[in-house]
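Fold and contact review
Below are the chains, spelled out letter by letter.
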Amino acid sequence: MKQILVTGGAGYIGSHTCIELLNEGYEVVIIDNFYNSSEKVLKIIKELSGKKFKFYKGDIRDKEILRKIFSENDIYGVIHFAGLKAVGESVEKPIEYYDNNINGSIKLIEVMREF
């Protein structure tokens, strides 16, 4: 079965995507650091889909956890939702947003290329 990694899978859009993927028969692997989400969402995903999935608590800027995910799973594709998006907060914390959204994406892509 094809495994799909969903970054930010416990967020609003990510969680809905995970439910749809699970309902379509894909195996889902989620990574989330719960910056703008909650562990409760994982239970809801399982309840609504009736399916199991793998979860890793972590940050996409951490290449070691990304390498762990890719080495422990047969990832076929990645759907990347682990981005910060609050306009007001982004004005207050532009460096943090840049670090997460740009550097995090680059690190994810670098590890994807390794595997």
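See the structure shown above.
Treat the numbers as computed from the prediction; the structure is a model and nothing was measured.

Some words on the pairing of strand β1 (residues 3-7)
Within β1, five of the five residues are buried, leaving the element largely enclosed by the surrounding structure. In this fold, the crossover linking β1 to strand β2 (residues 27-32) by way of helix α1 (residues 12-23) has right-handed handedness. The sheet contact formed by β1 and strand β4 (residues 75-80) spans five bridges and is parallel. Note on β4: the bridge partner recorded for Gln-3 is Ile-75.

Points about a nonpolar patch on the surface
There is a patch of nonpolar side chains on the surface, built from Tyr-12, Ile-13 and Phe-81 and spanning about 340 Å² of accessible area. Mapped onto the elements of the fold, Phe-81 is located in the loop between β4 and α4 (87-92). Here Phe-81 falls in the partly exposed class, since its relative accessible area comes to 31%.

Notes on helix α3 (residues 63-72)
Every buried residue belonging to α3 is among Ile-65, Leu-66, Ile-69 and Phe-70, and all of these are buried. Buried residues of α3 fall within an arc of 135 degrees about the axis and therefore sit on the same side. For α3, the exposed residues lying more than 90 degrees away from the buried face are Glu-64 and Ser-71. Where α3 is buried, its residues touch β1, β2, β3 (54-57), β4 and α5 (94-114).

Criteria and thresholds
Residues numbered from 1 in each chain as written. Predicted model: local features only at pLDDT ≥ 70, side-chain atom pairs only at ≥ 80, totals over all residues. Heavy atoms only, no water. Buried < 20%, exposed > 50% of the residue type's maximum accessible area, 1.4 Å probe, protein only. Helix = DSSP H or I, 4+ residues; strand = E, 2+ residues; numbered from the N terminus. Right-handed = clockwise from strand over helix to strand, strands pointing away. Pairing = 2+ DSSP bridges. Patch = residues over 30% accessible without salt bridge, like charges linked within 9 Å, V, L, I, M, F, W, Y side chains within 5 Å. Areas by Shrake-Rupley, 256 points an atom, 1.4 Å probe, with all protein chains shown as cover. Salt bridge = Lys/Arg side-chain N within 4 Å of Asp/Glu carboxyl O. Arc of directions from axis to C-beta. Contact = heavy atoms within 4.5 Å.

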